[in-house]
Amino acid sequence: MDLKKFYYIQGVFYTLIGFLLLINLKSSILGAVIGAKEIATSIGLFFGVFFLIGGITLIVITRR
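Notes on the structure follow. These numbers were taken from a predicted model, which means no experiment stands behind them.

Considering the arrangement of structural elements, one finds Thr15 in helix 1 (residues 3-23). Thr15 has contacts with Phe51, Leu52, Gly55, Ile56 and Ile59, leaving out every residue within four places of it along the chain.

What follows is the structure, encoded as C-alpha cells:
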C-alpha cells in the first residue's frame, strides 16, 4: 500500500473518531458500543477536537 494512501485512510478514520466523540457528548452512543458507563465531557471534548483536527490535517496534507 502506498504511504500517502495509508495516511489518507488514517485521516478519514481519525475524523470519524473525532465526530463520534463529539456526538457522544449529547447522546451516549459510544459508551454503549465500547462498554464504558460514561466518558467524561471534558475528556470527550478534548479528544474529539484533537482527532477531528488531526484527521482533517492528514486529509489536507495527503491531498496536496
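Helical periodicity: at 3.6 residues per turn, an α-helix aligns residues three or four positions apart in one direction. Compared with an ideal rise of 1.5 Å per residue, which puts 21 residues at 30 Å, helix 1 spans 30 Å between its outermost C-alpha atoms and is within 8% of the ideal. Of the positions making up helix 1, those classed as buried are Gly11, Thr15, Gly18 and Leu21. An end-on view of helix 1 places all buried positions within 130° of arc, on one side of the element. Of the residues in helix 1, the exposed ones pointing more than 90 degrees away from the buried face are Lys5 and Leu16.

Turning our eyes to something else, we now look at the packing of aromatic side chains. According to the stated counting rule, one finds seven aromatic pairs in the structure shown. On the basis of an interplanar angle of 65° and a centroid distance of 5.7 Å, the ring pair of Phe50 and Phe51 is categorised as edge-to-face. An aromatic cluster is present here, built from Phe13, Tyr14, Phe46, Phe47, Phe50 and Phe51 joined pairwise through their rings. Stacked on the ring of Tyr8, the Lys or Arg Arg63 has its end atom at 4.4 Å from the ring centre.

Here is what the cut-offs are and how they apply
- Residues numbered from 1 in each chain as written.
- Predicted model: local features only at pLDDT ≥ 70, side-chain atom pairs only at ≥ 80, totals over all residues.
- Heavy atoms only, no water.
- Helix = DSSP H or I, 4+ residues; strand = E, 2+ residues; numbered from the N terminus.
- Contact = heavy atoms within 4.5 Å.
- Expected span 1.5 Å × (residues − 1).
- Buried < 20%, exposed > 50% of the residue type's maximum accessible area, 1.4 Å probe, protein only.
- Arc of directions from axis to C-beta.
- Phe/Tyr/Trp six-rings, centres within 6.5 Å; stacked < 30°, edge-to-face > 60°.
- Lys NZ or Arg CZ within 6 Å of the ring centre and 35° of its normal.

Such coordinate-based values are descriptive only and should not be taken to indicate function.
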